[in-house]
Amino acid sequence: MGAKPIPGRMTARRADAVTVFLIGMRINNFLAPRSWWPVFRAMPRMLKELSRDERSGFMGYQLLFGGPRLIYVVQYWASKEQLLAYAGDRDGSHRPAWAAFNRRMREGKGKVGFWHETYAVPAGAHEAVYINMPEFGLGRAGGVVPVAHRGERAADRLRAA
């Protein structure tokens, strides 16, 4: 996180619809790396693949840690259809990683947990503010603009689509 903070109040440039995909794993047993290490290693490959494909609809991501056991990724997509297309793409990295993960889940008997949540957010139903922060979250995925461009108050930014 060596990025320099941007002085002042900024907001995400993107005001149109966005799909937010949260995905993560919980290490339930640190002594069973065979169950969780391959899961941990699969995500960077998929993120790299997506980041190189400008047509995928993948806008960017933020990697976060929720304590020593929980690792998750917040992903930003241009549409839910593009997210679902990637998930089902037989030629991409996701399908083989998902199949291997499911095998490990059955074999691992609860040594690793997995979760995901998807939010299809319509235009005008999201807003963001970043104060003295480097580009982060949706602002990192789609760029930032000074708050005044989209409204000084959160309520203004939620209405501006």
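Numbering of residues begins from 1 in every chain and follows the order in which that chain's sequence is written. For a predicted model such as this one, the threshold for reporting local features is a pLDDT of at least 70, and the threshold for listing and counting side-chain atom pairs is 80 or more; totals across whole chains, interfaces and linings nevertheless cover every residue. Side-chain figures throughout are based on the complete set of non-hydrogen atoms in the structure, without hydrogens or water.

**Student:** Report on the overall build of the protein, specifying residues and quantitative values.
**Tutor:** Secondary structure elements follow DSSP: runs of H or I no shorter than four residues count as helices, runs of E no shorter than two count as strands, and numbering proceeds from the N terminus. Of the regular secondary structure elements, the protein holds five helices and seven strands. Start at the N end of the protein and walk to the C end: the helices and strands fall as β-β-α-β-β-α-α-β-β-α-β-α. By principal-axis analysis of the C-alpha atoms, the protein measures approximately 55 × 30 × 25 Å. Burial status follows relative accessibility: with a 1.4 Å probe on protein chains alone, a residue under 20% of its type maximum counts as buried, one over 50% as exposed, and anything between as partly exposed. Here the protein holds 161 residues, and 39% of them are scored as buried. Only heavy atoms enter the contact rule, under which two residues are in contact if any of them lie within 4.5 Å. Contacts in the protein between residues far apart in sequence, at least 24 positions, make up 74% of those at least 6 positions apart. Every accessible area reported is derived by Shrake-Rupley at a probe size of 1.4 Å, with residue values counting cover from the shown protein chains alone. Split by element, the accessible area of the protein, about 9600 Å² in all, is 58% carbon and sulfur. Averaged over its 25 positive side-chain charges, the protein has a centre that lies 9 Å from the centre of its 13 negative ones. The charge count treats Lys and Arg as positive and Asp and Glu as negative. His and the chain ends do not count. We put the charge of a Lys on NZ, of an Arg on CZ, of an Asp on CG and of a Glu on CD.

**Student:** A description of the environment of R150 should follow, citing residues and the corresponding values.
**Tutor:** Looking at the secondary structure, you find R150 in the loop between β7 (144-146) and α5 (154-159). For R150, a relative accessible area of 9% puts it in the buried group. Counting along the chain gives ten residues from R150 to R140, while the straight-line C-alpha distance between them is 17 Å. Among the polar contacts listed, one links the side chain of R150 to the backbone oxygen of A12, at a separation of 2.9 Å. As used in this structure description, the phrase polar contact means that two N or O atoms lie within 3.5 Å; if the pair is within protein, one of them must be able to donate a hydrogen and the other to accept it, and residues adjacent in sequence are counted only when both atoms belong to side chains.

**Student:** For the pairing of strand β3 (residues 58-65), give the residues involved together with the corresponding values.
**Tutor:** Here seven bridges tie β3 to strand β4 (residues 70-77), and the two strands are oriented antiparallel to one another. For G60, the partnering residue across the bridge sits in β4 and is Y76. One bridge is not enough; two strands pair if DSSP finds at least two bridges between them. Between β3 and β4, which follow one another and run antiparallel, lie four residues, and G67 among them has a positive phi close to 90°.

**Student:** Summarise unusual backbone geometry; cite the residues concerned and give the values.
**Tutor:** Positive phi is not limited to glycine here, since N132 has a value of about 55°. Tracing the sequence through the fold places N132 in strand β6 (residues 130-133). According to the relative accessible area criterion, N132 is partly exposed, its value standing at 47%.

**Student:** Just give me the short version of helix α3 (residues 94-108), but keep the residues and values in it.
**Tutor:** Counting along an α-helix, one turn takes 3.6 residues, and residues three or four places apart therefore face a common direction. In this model α3 runs 20 Å from its N-terminal to its C-terminal C-alpha over 15 residues, within 8% of the 21 Å that 1.5 Å per residue would give. Those residues of α3 that sit buried are A97, A100, F101 and G108. Within α3, the buried residues cover an arc of 105° as seen down the axis, which keeps them to one side. Once α3 finishes, K109 follows within two positions and takes phi at roughly 50°, a positive value. Expected helix span is computed as 1.5 Å times (number of residues minus one). The directions from the helix axis to the C-beta atoms form the arc being described.

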